[in-house]
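# Report on the structure
Okay, here's what each chain looks like letter by letter:
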Amino acid sequence: MTYGIVALAHALGEREDVAEAAPRYTEDLERVGDWGYQGFHRAADEVGLTDLAVSAGAAALAKANLTADQVDLLVLAIPDLAEHLYWDAAAACQAALGATRAEAVLVNQACSGGVVAFDLLAGRFATHPDYRVALLVTASRVCETYKNRMESDTSIASDGAVAAVAVRDQEACRWLVTETITDGRYARFARLPGGGTARPFSADHPDPGVLASPFDRMQDHFGRDVRTMLDYARRIQSNTREVIDRACKRAQVDFGEVRYVLHLNENAKALQAFARNLGVDLERTNAELAVEHGHLGTADQLFALEELLAAGRLSPGDLVALTSTGTGMHWACTLLRV
């Protein structure tokens, strides 16, 4: 069983200049400047995650010359929150698109969800021989009440969605394998203080708080144990390489054949370290796009893939690795043959 991507499309928030916008989000302008970002995308207040997802999905289907009622499977991958609690955002997208025949599945594995979801598509195609068309939508919309775009992580968070139309037995942009490593010891590393069943909304706790900075979260998780901090930092790098090596081994390809490695839209220094760790030139990553658009949550890799294809920088037969690290922790790699 195999499938390929026949169309990609995106819907982004309005682009803002980092230097102009930064004082609204942080007092540490030097730190943000060192990250190297030039722009990011912020959706209008009235635009929700599913609005972006539906716009991208509809555009991708139009590019593929398909209608919504031809979709058999819709997968929505998000990094954190959608518009409502007790609500299935994937089903909401299915209804808004008019994909009434489609099974709808929500993936919520932090920023790794967009890469991991390729395996879900493969599984559904394998177990449902009648499924022909799948729509994978990756979307992120920051809730600024709970998360600061420029302080809650080591990247600048952007709003946007990218959709991919996948069709059974298509050879173009063909899925080869997906591999994932999970280490649940770090599951509580990034979470809101309240809002769940452990500390529900109440008169004493009317809101769940704000996602703390990476430094504060490290202190909370590891305390003063420098050795475990260093072990965590090493695992970030080693598991990234390990998951790529596993994917290449299963696909029976050599890593040296990979034309591009498309990772999270992390800051410039982080992506430089990522490239060094893998032993690849920075130009073979998404670094150039990352600093212009910011971190689009689950959508970074598909956005980079769409841009490279549109620019003619990929040729038939090229091998592309989509890689991700997501809180939880998850490391993932999907290999595609263009």
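In this report, we go over the structure that sits alongside the text. Predicted model only: the values in this text are computed from it and were never measured. (Residues numbered from 1 in each chain as written. Predicted model: local features only at pLDDT ≥ 70, side-chain atom pairs only at ≥ 80, totals over all residues. Heavy atoms only, no water.)

### Looking at the packing of aromatic side chains
Condition: Pairing of aromatic rings covers Phe, Tyr and the six-membered ring of Trp, with a centre-to-centre limit of 6.5 Å; geometry is then stacked below 30 degrees between planes, edge-to-face above 60, and tilted otherwise. For helices the rule is a DSSP run of H or I covering at least 4 residues; for strands it is a run of E covering at least 2, with both sets numbered from the N terminus onward. Exposure categories follow from relative accessible area, calculated using a 1.4 Å probe and restricted to protein chains: below 20% of the type maximum is buried, above 50% is exposed, and the middle band is partly exposed.
Considering all chains together, one arrives at four aromatic pairs under this definition. Summarising the aromatic geometry, the rings of Y3 and F125 are spaced 5.3 Å apart at their centres and angled 40 degrees between planes, so their arrangement reads as tilted. Placement of Y3 in strand 1 (residues 3-12) and of F125 in helix 5 (residues 113-127) is noted, with a sequence separation of 122 residues between them. Just as Y3 is buried, F125 falls in that class too. Between Y3 and W175, the ring centres sit 5.5 Å apart and the planes meet at 5 degrees, which makes this aromatic pair stacked. Within this pair, whereas Y3 is found in strand 1, its partner W175 is found in strand 8 (residues 174-182), the two being separated by 172 residues in sequence. With relative accessibility at 1%, the residue Y3 sits in the buried group. An aromatic cluster is built from Y3, F125 and W175, whose rings are joined through pairwise contacts.

### Notes on a nonpolar patch on the surface
The test is simple: Residues enter patches when their relative accessible area tops 30% and they take part in no salt bridge; the joining distance is 9 Å for like charges and 5 Å for the nonpolar side chains Val, Leu, Ile, Met, Phe, Trp and Tyr. Note that accessible areas follow from Shrake-Rupley with a 1.4 Å probe, and for residues the cover is restricted to the protein chains shown. Here a salt bridge means any side-chain nitrogen of Lys or Arg lying within 4 Å of a carboxyl oxygen belonging to Asp or Glu.
A contiguous nonpolar surface patch, about 510 Å² in accessible area, is contributed by L81, L85, Y86 and F201. If you trace the backbone, L81 turns up in the loop between strand 4 (73-77) and helix 4 (89-97). Given a relative accessible area of 33%, L81 falls into the partly exposed group.

### Details of the nonpolar core
Note the cut-off: Definition used in this section: a nonpolar core is a set of buried Ala, Val, Leu, Ile, Met, Phe, Trp, Tyr and Cys residues joined via side-chain atoms within 4.5 Å. Any two residues whose heavy atoms approach within 4.5 Å at even a single point are treated as in contact.
Within the largest apolar cluster, 39 residues are counted, with the highest numbers of intra-cluster contacts made by F118 and L305. Excluding its chain neighbours within four sequence positions, the residues that come into contact with F118 are Y3, I5, L136, W175, T178, L302, L322, T334 and L336. The next biggest cluster of nonpolar side chains, apart from the first, holds 32 residues, and it includes A7, V137, A161 and V165.

Purely geometric numbers; function is a separate question.
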